[in-house]
Amino acid sequence: MNPKFKLLEYKFLTMHERKARGIQFDSKFTVITGTNDTGKSSIIKSIVWTLGATPEKMDDIWERANTMWYLSFLLDDVYYAVFRYFNTFLILDKDRNILHKEQGESSVSSVLLGLFKFPLKLITKKNDLITPPTFAYLSPFYIDQDKSWLAPWSNFKGMGMFSGIKDSLARFHTGIRVPKYYEIKLEKIHVENDLESV
């Protein structure tokens, strides 16, 4: 069973503007409000980005701002934090000790999905069974106002590398299919390919 995931605090520091902001999340419910173009969507996008999932549409200003990101959360009451600076990730404990240092989204995804106890592996279009990026875990909880209304389950970059990604994620998160299904499906593909080559 997946551990209970609760956001605690989010901070970011822009080196370009020499400014910092922070958000503390309520233990039960947090609402982010504001008029148009005040950055509500950017905050949500940057949270999933800090966890190694790149939204399909990101504002270029975030990259130009040379920003450091810090997100703390609880997993079954155990404290963790993720620090991101460009493609370098640190995963920290409550005493700020470095548990993992990872380079790139695929590396940090493997670590985070392990912490989340997220068992799903997906089949790529090259017929490889791999641990997906963290978007596989986050997809049901993230709605992108620029993308989701027109194309549900296609909020993140990199989703196109997997076969039938929308169906796979929807069926897994609703409990229709278990992780073993995808292992068996891959074996079936390999057998069919072997038969074709005979």
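The following refers to the structure shown. Everything numeric in this text was worked out from a predicted model, so none of it was measured.

Structural notes on the environment of Thr50
Inspection of the secondary structure assignment puts Thr50 in helix α1 (residues 40–50). According to the relative accessible area criterion, Thr50 is buried, its value standing at 0%. Linking Thr50 and Met68, residues 18 residues apart in sequence, is a C-alpha distance of 9.3 Å. The contacts of Thr50, once residues within four sequence positions are left out, are Tyr10, Trp69, Leu71, Val82, Arg84 and Phe89.

Quick look at the sheet that holds strand β4 (residues 78–85)
Across the sheet, which stays open at both edges, the six strands sit in the order β2-β1-β3-β4-β5-β6 with antiparallel pairing between neighbours. Looking along the sheet, the strands with just one partner apiece sit at the ends: β2 (19–24) and β6 (98–103). For this sheet the average axis-to-axis angle between neighbouring strands, irrespective of direction, equals 15 degrees. As paired strands, strand β5 (residues 88–92) and β6 are joined by five bridges and run antiparallel to one another. Each residue of the ladder has a partner; that of Phe89, found in β6, is Glu102. Sheet strands in contact with α1 are β1 (5–14), β2, β3 (67–75), β4 and β5, and its direction is about 75 degrees off that of β3. Relative to the sheet, helix α3 (residues 105–115) contacts β3, β4, β5 and β6, its axis offset from that of β5 by approximately 20 degrees.

So, the side chain of Arg84
Inspection of the secondary structure puts Arg84 in strand β4. Accessibility expressed as a relative area gives 1% for Arg84, which makes it buried. Among the polar contacts listed, one links the side chain of Arg84 to the side chain of Glu105, at a separation of 3.1 Å. The residues touching Arg84, leaving out its near neighbours within four places in the chain, are Trp49, Thr50, Gly52, Thr67, Met68, Trp69, Phe89 and Glu105.

How each quantity is defined
- Residues numbered from 1 in each chain as written.
- Predicted model: local features only at pLDDT ≥ 70, side-chain atom pairs only at ≥ 80, totals over all residues.
- Heavy atoms only, no water.
- Helix = DSSP H or I, 4+ residues; strand = E, 2+ residues; numbered from the N terminus.
- Buried < 20%, exposed > 50% of the residue type's maximum accessible area, 1.4 Å probe, protein only.
- Contact = heavy atoms within 4.5 Å.
- Pairing = 2+ DSSP bridges.
- Axes fitted to C-alpha atoms, helices over the stretch in contact; angles between N-to-C directions.
- Polar contact = N/O pair within 3.5 Å; in protein donor to acceptor, adjacent residues only side chain to side chain.

By themselves, these observations are geometric and do not establish any function.
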